[in-house]
Amino acid sequence: MIPEDLHYTDAHEWVREGDDGVLRVGITDYAQAQLGDVVFVDLPAVGDAVTAGAPCGEVESTKSVSEIYAPVTGEVVAVNGALEGSPELVNSGPYDDGWMFEVRPDGGSGDATGALLDAAAYRGLTDS
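Residues numbered from 1 in each chain as written. Predicted model: local features only at pLDDT ≥ 70, side-chain atom pairs only at ≥ 80, totals over all residues. Heavy atoms only, no water.

1. Some thoughts on unusual backbone geometry
Among all residues except glycine, the phi angle is most often negative; among peptide bonds, the trans geometry is most common. One non-glycine residue with positive phi stands out, namely His-12, at about 75°. Along the chain, His-12 falls in the loop between strand S1 (7–8) and strand S2 (13–17). (Helix = DSSP H or I, 4+ residues; strand = E, 2+ residues; numbered from the N terminus.)

In structure tokens, the structure reads:
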């Protein structure tokens, strides 16, 4: 399941552009399936500055701990508080209720997603 309307990183994060220029971030269905049952999520805090490609959180599953990488450089403006009490939302709805955080990109969203993969490129990455 790779939604066509999202952008992706090669580290398996997805990005959805909002009308207000804010980008919503989560991990892909492929990533959550590889992790197994998610038991804990450590997210950046609202107000944190994140840098594209740098770790900004962690996802812990019954199998392993994996870092979450910022897909763009900017400021975290929201986090999904529901994951604190229900981290399994990452497994059951990675593109919906399991979203992780929102970031306002430096300089607006116009060029922020330009370096990210489209659905076809991400599909190629996961099929290999």
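2. Let's talk about the sheet that holds strand S3 (residues 23–27)
Adjacent strands of a sheet form backbone hydrogen bonds with each other and so pair up, either parallel or antiparallel. Spatially, 6 strands are ordered S1-S2-S3-S9-S8-S5 in an open sheet, and the strand pairing comes out antiparallel. Either end of the sheet is taken by a strand with one partner, and the two such strands are S1 and strand S5 (49–50). (Pairing = 2+ DSSP bridges.)

3. Focus on the pairing of strand S9 (residues 101–105)
Burial of S9 is extensive: 4 of the 5 residues sit out of reach of the surface. Across 3 bridges, S3 lies against S9 in antiparallel orientation. Bridged to Val-25 within S9 is Phe-101. With 5 bridges connecting them, strand S8 (residues 74–79) and S9 associate as antiparallel partners. Looking at the pairing, Gly-74 lines up with Pro-105 of S9. (Buried < 20%, exposed > 50% of the residue type's maximum accessible area, 1.4 Å probe, protein only.)

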